[in-house]
Amino acid sequence: MSAQSSTGIQTLLEAEKEAHAIVAKARAYRTQKLKDARIEASKEIEAYKSAKEAEFKKFESEHSSSNTKAEEEANVSVQSELIAIKEAAAKAKDAVVVQLLEAVTTPKPTLHINSQ
């Protein structure tokens, strides 16, 4: 009986060791699959980021050229307005100086509002 029970115990121990080995192998397989999935996901994320970055750069380059054109047109418009203002100031300069001198040199005595 003891030979039979020790053989049965030995068989159970071997089965338990084999089960532990199978479970350990399954855990290692699962862990490796998770690592592979994470690596694959990070590669996909990087590819998506680079694609979106390239798309943004393209969009930015297309629209920045229109902004520079608008800036150039605005600068031309401002310069033409400045020239028109300078010409108007040059034409009216003499008349303004005469009016200022006349206003300063010709006294116009009037009573103050409170003294009436």
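Scroll up to find the structure this text is about.
The structure displayed is predicted, hence computed values, not measured ones.

**Student:** Which residues make up the overall build of the protein chain, and what are the values?
**Tutor:** Looking only at helices and strands, the protein chain features 1 helix and 0 strands. Seen through its principal axes, the protein chain has C-alpha atoms that stretch 140 × 50 × 15 Å. Scored against the burial criterion, the 116 residues of the protein chain give a buried share of 0%. Summed over its atoms, the accessible surface of the protein chain is roughly 11000 Å², and 62% of this surface lies on carbon and sulfur atoms.

**Student:** How would you summarise the pattern of salt bridges if you had to cite specific residues and measurements?
**Tutor:** Per the stated rule, a full pass over the model turns up 1 salt bridge. For Glu55, the salt bridge goes to Lys52, with nearest N and O atoms at 3.5 Å. Taken together, the residues span about one helical turn, with Glu55 and Lys52 both in helix α1 (residues 2–105) at a distance of 3 residues.

**Student:** Just give me the short version of a nonpolar patch on the surface, but keep the residues and values in it.
**Tutor:** A cluster of nonpolar side chains, contributed by Val78, Leu82 and Ile85, occupies part of the molecular surface with about 260 Å² of accessible area. Positionally, Val78 belongs in helix α1.

**Student:** Let's hear about the environment of Ile22: which residues, and what values?
**Tutor:** With respect to the helices and strands, Ile22 occurs in helix α1. A C-alpha to C-alpha distance of 66 Å links Ile22 and Ser66, two positions 44 residues apart in sequence.

What counts and what doesn't
- Sequence order sets the numbering: in each chain, residues are counted from 1 along the sequence as written.
- In keeping with the model being predicted, local features are shown solely for residues with a pLDDT of at least 70 and side-chain atom pairs are shown and tallied solely at 80 or more, while totals for entire chains, interfaces and linings include all residues.
- Side-chain measures were taken over the full set of non-hydrogen atoms in the model, leaving aside hydrogen atoms and water.
- In this description a helix means any DSSP run of H or I spanning at least four residues, a strand means any run of E spanning at least two, and both kinds are numbered starting from the N terminus.
- Here the term buried applies to any residue with accessible area under 20% of the maximum for its type, exposed to any over 50%, and partly exposed to those in between, with areas from a 1.4 Å probe on protein chains only.
- Note on areas: Shrake-Rupley with a 1.4 Å probe; residue coverage comes only from the protein chains shown.
- What makes a salt bridge here is a side-chain nitrogen of Lys or Arg within 4 Å of a carboxyl oxygen of Asp or Glu, nothing more.
- The residues that make up patches have over 30% relative accessible area and no salt bridge, and they are joined within 9 Å when like-charged or within 5 Å when they are Val, Leu, Ile, Met, Phe, Trp or Tyr.

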